[in-house]
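# Structural overview
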Amino acid sequence: MSRQELLSPEGLRIDGRRANELRRIACRASVLNTADGSSYYEQGNTKVLVAVFGPREPRQRTTLQQHDQAIINVEFNVAPFSTSERRKRSKGDKRLLEISSFVRQTFEGAVQRSVYPRSQIDIYVHLLQHDGGMLEACVNAATLALVDAGISMDDYVCACTAGLVDEQPLLDLNGQEESAIAMPGLTVAVLPRSGSIALLQMESKMHATKLDDVMQLAIEGCKHIHTKLDEAVLAAANDLAVKLSNS
């Protein structure tokens, strides 16, 4: 896909957004009664469902390597119907394991694991539909589910992507933009209150002089996503208060 197809002379992208605009975000907490915490998260046409169980006793005691803090386990699955290509992935799929590892490492630094010694927190991430920003959507959905489960965290973890077309940074890449050969991009996850970076992931080369501009744009996107997640948590709390008052 050429540069002209990615960004019009008027500065509009293929989905009609400006360079610094996020896709539409819709998210809810407490969507599953069977989990300790859960969330449903949409960003554009990318849709993710997350369930959190724990803290609970580790399923395999032999895997408990640290007795003074919790183990975080992440399982990532992609629905066969998530893309136009019908493909069932095995649990040993390299890409699935890679995303699971990114999510686990991100939350190992944000969850206050010492509060839950000798325990395990399981995060099950299901990608229902994929149209770009898969990792950012998984991180944001997992944050919402962990908060819903009452897991102690240093802060929300908010993630966003950004890319570069010629000299123009673009926020929140969709599927067509991510697949474009001419589009180097990155995913950043931050803790909004401190500004600490929890994750920085790149799969293509980007000139060092442009990296800071693209990162800053992604961080600005994370701040807006933080507001959306906070609104979803407040809405879930209000729903719970109504249910309790009516019971």
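Here's a quick rundown of the structure. If you're wondering where the values come from, they're calculated on a predicted model, not measured in any experiment.

### Considering the overall build of the protein
Counting secondary structure elements, the protein contains five helices and nine strands. Counted from the first residue to the last, the protein has its helices and strands arranged as α-β-β-β-β-α-β-α-β-β-α-β-β-α. The C-alpha radius of gyration computed for the protein amounts to 18 Å, which stays within 12% of the reference 18 Å derived for 247 residues, consistent with globular compactness. Each principal axis of the C-alpha distribution contributes one length, and for the protein these read about 55 × 45 × 40 Å.

### Considering helix α2 (residues 94–108)
One turn of the α-helix equals 3.6 residues, which is why residues spaced by three or four share an orientation. Look at α2: 21 Å from first C-alpha to last across 15 residues, which is about the 21 Å you get at 1.5 Å a residue. Looking only at α2, the buried set comprises Leu96, Ile99, Ser100, Phe102, Val103, Thr106 and Phe107. Down the axis of α2, the smallest arc covering the buried residues is 160 degrees, so these residues share one side. Looking at the buried side of α2, the elements it contacts are β4 (71–78), α3 (134–148), β8 (185–191) and β9 (196–202).

### Things to note about the pattern of salt bridges
Throughout the structure, instances matching the rule amount to 14 salt bridges. Salt-bridge contacts for Arg23 lead to Asp172; the nearest nitrogen and oxygen are separated by 2.9 Å. Separated by 149 residues along the polypeptide, Arg23 in the loop between α1 (3–6) and β1 (25–29) and Asp172 in the loop between β7 (168–171) and α4 (175–179) bring together distant segments of the chain. Residue Arg23 shares its accessibility class with Asp172, and that shared class is buried. One salt bridge connects Glu203 with Arg95, and the closest N-O pair in it is separated by 2.8 Å. Placement of Glu203 in the loop between β9 and α5 (208–246) and of Arg95 in helix α2 is noted, with a sequence separation of 108 residues between them. Within the structure, one salt-bridge network assembled from shared partners comprises Arg13, Asp15, Arg17, Arg23, Glu136, Asp172 and Glu177.

### Observations regarding α3
Helix length check: α3 (15 residues) gives 21 Å between terminal C-alpha atoms against 21 Å at 1.5 Å per residue, within 8%. Taken from the residues just after α3, Gly150 is the one with a positive phi, measuring 80 degrees.

### Things to note about the sheet that holds strand β2 (residues 37–43)
One open sheet holds the five strands; their spatial order is β1-β2-β3-β5-β4, and the pairing between them is mixed. The open sheet is flanked by β1 and β4, the only strands paired with a single partner. For this sheet, the mean angle separating the axes of adjacent strands, direction not counted, is 15 degrees. Summarising the sheet, β2 and strand β3 (residues 46–56) pair through seven bridges and their orientation is antiparallel. Paired with Ser39 across the strands is Val50, a residue of β3. Packing against the sheet, α3 makes contact with β1, β2, β3, β4 and β5 (120–129), and its axis sits at approximately 150 degrees to β2. The sheet contacts of α5 involve β1 and β2, and relative to β1 the element is tilted by about 35 degrees.

### Observations concerning the pairing of β3
In sequence, β2 turns back onto β3 through a hairpin of two residues, with Gly44 there showing a positive phi of about 65 degrees. Of the pairings in the sheet, the one linking β3 to β5 comprises eight bridges and is antiparallel in character. By the bridge assignment, Val48 is partnered in β5 with Leu127.

### Quick notes on the packing of aromatic side chains
Enumeration according to the criterion identifies one aromatic pair in this entry. For the pair Phe53 and Tyr124, a centre-to-centre distance of 5.8 Å together with 75 degrees between the ring planes defines the contact as edge-to-face. Of the two residues, Phe53 is situated in strand β3 and Tyr124 in strand β5; the sequence distance between them amounts to 71 residues. What makes Phe53 partly exposed here is its relative accessible area of 22%.

Reading the values: the criteria
Residues numbered from 1 in each chain as written. Predicted model: local features only at pLDDT ≥ 70, side-chain atom pairs only at ≥ 80, totals over all residues. Heavy atoms only, no water. Helix = DSSP H or I, 4+ residues; strand = E, 2+ residues; numbered from the N terminus. Rg over C-alpha atoms; globule rule 2.2 N^0.38 Å. Expected span 1.5 Å × (residues − 1). Buried < 20%, exposed > 50% of the residue type's maximum accessible area, 1.4 Å probe, protein only. Arc of directions from axis to C-beta. Contact = heavy atoms within 4.5 Å. Salt bridge = Lys/Arg side-chain N within 4 Å of Asp/Glu carboxyl O. Pairing = 2+ DSSP bridges. Axes fitted to C-alpha atoms, helices over the stretch in contact; angles between N-to-C directions. Phe/Tyr/Trp six-rings, centres within 6.5 Å; stacked < 30°, edge-to-face > 60°.

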